[in-house]
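Descriptive analysis of the structure
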Amino acid sequence: MASFNVFRLLKYWSSLLRSKLKPLTIHTEAVVIDSIWEEVKNKSNSGKIHKWYVMTPANYDYFKSSFNVKLSKEKVSKILKERYKWMINHGQQLELHIHLSMLMNMTLAEQEKMINEAVNWMKSELNVVPSEVVAGWWCYDSNTLKVLKKHNLKLIKFSDYDSEHDYEWGFRSRV
């Protein structure tokens, strides 16, 4: 039994180390916060970011609960649109990042509604048709895969790229 756990641990660390050798991607979650936005602009101009996996207003409740955002959903949408358009105009590639449920206790219909909203927002507000998606916390289930297939979205997994979150840049110095 112990050797199985050691094997799993070695496999995890090996996967983590291999991913650090891959292109850097960023999961944007706190870009609505002005100080984080300044860091995102700086990183956008660095030429070091391969892709940005961006959240949409479909995750409005997540913005409120995780970052204490007190803006309306409409205002969050407006800010995200302006900032993502700036990123696109500065040569950045945007794909979808969406938080479903850490417990993955969402029904197929609930996931479909949220993913549809996110994809449609990217299409209508940014003129971007996403082809890839990163599930928040790397959590997904068979229902997620069904919805992604309908949208022809490739699920990006932890080992596919090196990745960071935008909030890490702005909050590191505060801890």
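Heads up: these notes are all about the structure in this document.

Cut-offs and rules
- All residue numbers here refer to positions counted from 1 along the written sequence of the relevant chain.
- Local features in this predicted model are restricted to residues whose pLDDT is 70 or higher, and side-chain atom pairs enter the listing and the counts only when it is 80 or higher, whereas totals over whole chains, interfaces and linings include all residues.
- Side-chain numbers here rest on the full set of heavy atoms in the structure, without hydrogens or water.
- Numbering goes from the N terminus for both helices and strands, where a helix is a DSSP run of H or I of at least four residues and a strand is a run of E of at least two.
- When we talk radius of gyration, it's over C-alpha atoms, and the globule rule is simply 2.2 Å times the number of residues to the 0.38.
- Categorising residues by exposure relies on relative accessible area from a 1.4 Å probe, with only protein chains included: less than 20% of the type maximum marks a residue as buried, more than 50% marks it as exposed, and the intermediate range marks it as partly exposed.
- By the convention used here, residues are in contact when the closest approach between their heavy atoms is within 4.5 Å.
- The span one expects for a helix is its residue count, reduced by one, times 1.5 Å.
- Simply put, an axis is a line fit to the C-alpha atoms, just over the touching stretch for a helix, and the angle between two N-to-C directions goes from 0 to 180 degrees.
- For classification purposes, an angle smaller than 35 degrees is called roughly parallel, one larger than 145 roughly antiparallel, one from 65 to 115 roughly perpendicular, and anything else oblique.
- When the near helix sits turned anticlockwise from the far one by under a right angle, the crossing is termed left-handed; a clockwise turn instead gives a right-handed crossing.
- Charged means Asp, Glu, Lys or Arg here, nonpolar means Ala, Val, Leu, Ile, Met, Phe, Trp, Tyr, Cys or Pro, and polar covers whatever is left, Gly included.
- Pairing between two strands is assigned when DSSP locates at least 2 bridges connecting them.
- Looking down the strands as they point away from you, a crossover is right-handed if its path from the first strand over the helix to the second goes clockwise.
- By convention in these notes, a salt bridge is any Lys or Arg side-chain nitrogen within 4 Å of a carboxyl oxygen on Asp or Glu.

**Observations regarding the overall build of the chain**
Within the chain one finds seven helices and six strands. Along the chain, from the amino end to the carboxyl end, the secondary structure elements read α-β-α-β-α-α-β-α-β-α-β-β-α. Its C-alpha radius of gyration of 17 Å places the chain within 12% of the 16 Å reference for a compact globule of 175 residues. For the chain, the spread of C-alpha atoms along the principal axes amounts to about 55 × 40 × 30 Å. For the chain, buried positions account for 46% of its 175 residues. For the chain, the share of sequence-separated contacts (at least 6 apart) that also reach a separation of at least 24 residues comes to 77%.

**Considerations on the environment of serine 159**
With respect to the helices, strands and loops of the structure, serine 159 is situated in the loop between strand E5 (154-156) and strand E6 (162-165). Taking C-alpha positions, serine 159 is 20 Å from methionine 104, a pair spaced 55 residues apart along the chain.

**A look at helix H5 (residues 108-126)**
Side chains of residues three or four places apart in an α-helix project in the same direction, reflecting 3.6 residues per turn. Taking 1.5 Å of rise per residue, 19 residues should cover 27 Å, and H5 covers 26 Å from first to last C-alpha, within 8% of that figure. Among the residues making up H5, those that are buried are Gln111, Glu112, Met114, Ile115, Ala118, Val119, Trp121, Met122 and Leu126. Residues of H5 that are buried make contact with strand E2 (51-54), helix H4 (73-89), strand E3 (94-98) and helix H6 (142-150). Asparagine 127, located one to two residues past H5, shows a positive phi value of around 60 degrees.

**Focus on the packing of H4 against H5**
At their nearest, the axes of H4 and H5 sit 10 Å apart, and the two run at 60 degrees to each other. The angle between H4 and H5 falls in the class oblique. The element H4 and its partner H5 pack so that their crossing is right-handed. Of H5, the residues touching H4 (which contributes Lys73, Ser77, Leu80, Lys81, Tyr84, Lys85 and Ile88) are Glu117, Trp121, Glu125 and Leu126. Of the residues in the contact of H4 with H5, the class split is five nonpolar, one polar and five charged.

**So, the sheet that holds E6**
Within a sheet, neighbouring strands are paired by backbone hydrogen bonds and run either parallel or antiparallel to one another. Here six strands make up an open sheet; going across it, the order is E5-E4-E3-E2-E1-E6 and the pairing parallel. Edge positions in the sheet fall to E5 and E6, since each has one partner strand and no second. When strand polarity is set aside, the average angle formed by the axes of neighbouring strands in this sheet is 30 degrees. Where strand E1 (residues 24-28) and E6 come together, four bridges link them in parallel fashion.

**Quick word on the pairing of strand E4 (residues 132-135)**
Taking every second residue as pointing to the same face, both faces of E4 are buried, with Glu132 and Val134 on one and Val133 and Ala135 on the other. Bridging between E3 and E4 involves three bridges; their strand directions are parallel. Its bridge partner lying in E4, isoleucine 98 is registered against alanine 135. Direction of pairing for E4 relative to E5: parallel, over a ladder of three bridges. Along E5, the bridge assignment pairs valine 134 with isoleucine 156. Regarding topology, H6 serves as the crossover connection from E4 to the parallel E5, and that connection is right-handed.

**Things to note about the pattern of salt bridges**
In this structure the tally under the stated criterion is eight salt bridges. We note a salt bridge from glutamate 82 to lysine 78, for which the minimum N-O separation is 4.0 Å. Of the two residues, glutamate 82 and lysine 78 both sit in helix H4, four residues apart, roughly one turn of that helix. The exposure class assigned to lysine 78 is partly exposed, which follows from its relative accessible area of 45%. A salt bridge links glutamate 125 to lysine 81, with the nearest nitrogen and oxygen atoms 3.1 Å apart. Of this pair, glutamate 125 sits in helix H5 while lysine 81 sits in helix H4, and the two are 44 residues apart along the sequence.

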